[in-house]
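# Notes for the structure review
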Amino acid sequence: MDGEVKQGQEPAVHHQAVMVRETLDYLACGPGQVVVDATVGSGGHAAAILERIRPGGRLIGIDRDSEAIERAMARFAGEPVSLINENHGQLEVILDELGLAAVDGVLIDCGASLEQLTTERRGFSFRMDGPLDMRMDRRQETTAADLVNELPGSELARILKEYGGERRAHSIARAITAARQQQPITTTAQLAATITAAIPPRARPRRLHAATKSFMALRIVVNDELGALRKALDAAIHRTKPGGRIVALTYQSLEGGETKGAFRRASVDSTCLPFPSNEGPRVRVLTKKVAKPSAEECKRNPRARSATLRAAERL
Ligand SMILES: C[S@@+](CC[C@H](N)C(=O)[O-])C[C@H]1O[C@@H](n2cnc3c(N)ncnc32)[C@H](O)[C@@H]1O
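Rules of the game
Counting restarts for each chain: residues are numbered from 1 in the order of the written sequence. Local features in this predicted model are restricted to residues of pLDDT 70 or higher, and side-chain atom pairs are both shown and tallied only at a pLDDT of 80 or more, whereas totals for entire chains, interfaces and linings draw on every residue. Side-chain descriptors were evaluated using all non-hydrogen atoms of the structure, hydrogens and water having been removed beforehand. Two strands are said to pair when DSSP picks up at least two bridges between them. Each helix is a run of DSSP H or I of at least 4 residues and each strand a run of E of at least 2, with the numbering of both proceeding from the N terminus. Note on geometry: axes are lines fitted to C-alpha atoms, helical ones only across the stretch in contact, with angles between N-to-C directions running from 0 to 180 degrees. Here, two residues are considered to be in contact whenever any of their heavy atoms come within 4.5 Å of each other. The nearness test applies per residue and asks whether one of its heavy atoms lies within 4 Å of the molecule or strand. In the analysis that follows, any N or O atom pair within 3.5 Å is treated as a polar contact, provided that within protein one partner can donate a hydrogen and the other can accept it, and provided that, for residues neighboring in sequence, both atoms belong to side chains. Here, Shrake-Rupley sampling with a 1.4 Å probe gives the accessible areas, and only protein chains in the shown set may cover a residue. Basically, the charged four are Asp, Glu, Lys and Arg, the nonpolar ten are Ala, Val, Leu, Ile, Met, Phe, Trp, Tyr, Cys and Pro, and anything else, Gly included, counts as polar. For salt bridges, the criterion is a side-chain nitrogen of Lys or Arg within 4 Å of an Asp or Glu carboxyl oxygen. Think of it in three bands: with a 1.4 Å probe and only protein chains considered, a residue is buried below 20% of the maximum accessible area for its type, exposed above 50%, and partly exposed in between. Here the aromatic set is Phe, Tyr and Trp, taking the six-membered ring for Trp, and pairing holds for ring centres within 6.5 Å; pairs whose planes are under 30 degrees apart are stacked, those over 60 apart are edge-to-face, and all others are tilted. Working rule: Lys NZ or Arg CZ, within 6 Å of ring centre, within 35 degrees of ring normal, means a charge sits over the ring. The directions from the helix axis to the C-beta atoms are what the arc is built from. Grouping buried Ala, Val, Leu, Ile, Met, Phe, Trp, Tyr and Cys residues that are joined through side-chain atoms within 4.5 Å yields what is termed a nonpolar core. Domain extents, as shown, originate in an automatic or database domain assignment. The term buried area refers to how much accessible surface (probe radius 1.4 Å) is lost by two components on association, counted for both of them together.

This part is about the sheet that holds strand E3 (residues 81-84). Across the sheet, 7 strands lie side by side as E3-E2-E1-E4-E5-E7-E6; this open sheet has mixed pairing. Pairing within the sheet leaves two strands with one partner each, and these edge strands are E3 and strand E6 (283-285). Along the sheet, successive strands turn relative to each other by an average axial angle of 15 degrees, direction set aside. Inspection of the sheet shows strand E1 (residues 34-37) paired to strand E4 (residues 103-109) by 3 bridges, in the parallel sense. When the bridges of E4 are listed, Asp37 appears paired with Leu107. Contacts from helix H4 (residues 91-98) reach E1, strand E2 (58-62), E3 and E4 within the one sheet, and its direction differs from that of E2 by about 140 degrees.

It is worth spelling out the site of the ligand at this point. Around the ligand sit 25 residues, and of these His45, Asp63, His88, Asp109 and Gln116 come closest. Within the contact set of the ligand, an oxygen atom lies 3.1 Å away from a backbone nitrogen or oxygen of Gly44. In isolation the ligand exposes 600 Å². Once the protein is present, 98% of that is buried. By residue class, the composition of the shell around the ligand is 7 nonpolar, 12 polar and 6 charged.

Before going further, it helps to examine the pattern of salt bridges. Pairs can form between side chains of opposite charge once their charged atoms are near each other. Inspection of every chain in the model, using the stated rule, returns 21 salt bridges. Between Arg138 and Glu67 there is a salt bridge, with the nearest N and O atoms lying 2.5 Å from each other. Taken as a pair, Arg138 in the loop between helix H5 (114-117) and helix H6 (144-150) and Glu67 in helix H3 (residues 66-75) lie far apart in primary sequence, 71 residues in all. Overall, Glu67 belongs to the buried group, its relative accessible area being 15%.

Using the criterion set out here, one finds 1 aromatic pair in the structure. Relative to Phe215, the ring of Phe126 lies with its centre 5.5 Å away and its plane at 90 degrees, an arrangement referred to as edge-to-face. Residue Phe126 is located in the loop between H5 and H6, and its partner Phe215 is located in helix H10 (residues 212-222); the two are separated by 89 residues in the primary sequence. On the basis of relative accessibility, which here comes to 17%, the residue Phe126 falls in the buried class. Relative accessible area serves as the criterion here: at 3%, Phe215 is assigned to the buried category. The residue whose ring lies beneath Arg303 is Tyr251, and the NZ or CZ to ring-centre distance is 4.5 Å.

Here we take up H4. Those residues of H4 that fall on the buried side of the exposure criterion are Leu91, Glu92, Ile94 and Leu95. Taken down its axis, H4 places every buried residue within 165 degrees of arc, on the same side. Projecting away from the buried face of H4 at angles above 90 degrees are the exposed residues Asp96 and Glu97. Contacts from the buried residues of H4 go to E1, E2, E3, E4 and helix H11 (225-239). Downstream of H4 by one or two residues, Gly99 has phi in the positive range, about 75 degrees.

What follows covers the nonpolar core. What tends to happen in soluble globular proteins is that the nonpolar side chains get buried as a cluster. Residues Val36, Ile49, Leu91, Ile108 and Leu233 are the most contacted members of the largest nonpolar core, which totals 56 residues. Ala157, Ala169, Ala173 and Ala211 belong to the second-largest nonpolar core, a separate cluster that totals 34 residues.

When the parts of a complex come together, some accessible area is lost, and that lost area is often used as the size of the interface. Entries for the protein chain in the domain assignment read domain 1 (20-115 + 225-314) and domain 2 (141-222). Each of domain 1 and domain 2 has a C-alpha centre, and the two are 31 Å apart. Listed by partner, the interface residues are 7 residues for domain 1 and 5 residues for domain 2. Taking both partners together, domain 1 and domain 2 bury about 490 Å²; carbon and sulfur atoms supply 57% of that area. Looking at the side of domain 1 facing domain 2, the largest losses of area belong to Glu225, Gln252 and Leu254, adding up to 73% of the total buried there. At the surface where domain 1 touches domain 2, the tally comes to 1 salt bridge. Two residues, Arg219 and Glu225, come together in a salt bridge whose shortest N-O distance is 2.8 Å.

Take a look at the structure:
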């Protein structure tokens, strides 16, 4: 991030792209190529890729957040960049509409951006008060408040445990269902306070905010992040040219597991759905051992610490 983290109504910070050198090394893109950045965000990776594919190359930048697309439009005005405000789960359809049968590389940089996390009105953060929203794409109907106020307690507990790894999921779900009987939970501060109060002070995590895991779980479910990632990876494998590369940066184990699973399925079993083929393995996994950011990068950008890079080459 650039300088101090300021929190507020508008993004006061800029997302700092993670593992840029390693991403470029694994993408191995060159002049004239067509590369998809399926999570364009503020365009840090996209700008670096663009430098590599000049002259003659074209970058397809996708983001489901219209604010990210607006920022990228300003940044890449006049450049050979097509920006698409869509869910990358629709990658097949997006490429069809652009008339691109195959591309030379695809990057997926998972999770939320710093701009999303530090803008109150987007409702992603337990550290500041805003509407309990968490939608990356605000054309979508369901918000975090809908889940928190409408799901049965047992379903809430399952979500907190499965997607957040929250050990106190049942206590938190009980506290939420009790609180919402008094009044609907409509703000991030209300939810953060309810979760914190559900965990006895001595059982609260020392380094994390007590609501960290629950907020992450809700964000993953509101945005169906794992479902979209699965579809995007399958489509990327299907639509990347032989010799082309697919790179995924993940920040928690569920995202990492999806990526590992998709690459493994494509490297050993080409008959698997949704794109059955009898051609034998479709990718070679390039990161038998996953790549991690350098100590220097983690110091400069603490958000990079949890990053894991996986890459595969299309056969
Ligand atoms: C970690 S940020 C990407 C940062 C970017 N690589 C950069 O250098 O600025 C993740 C971005 O992906 C977007 N995103 C997350 N899931 C998505 C999906 N299913 N489809 C499209 N964009 C998505 C988010 O809106 C966010 O802007």
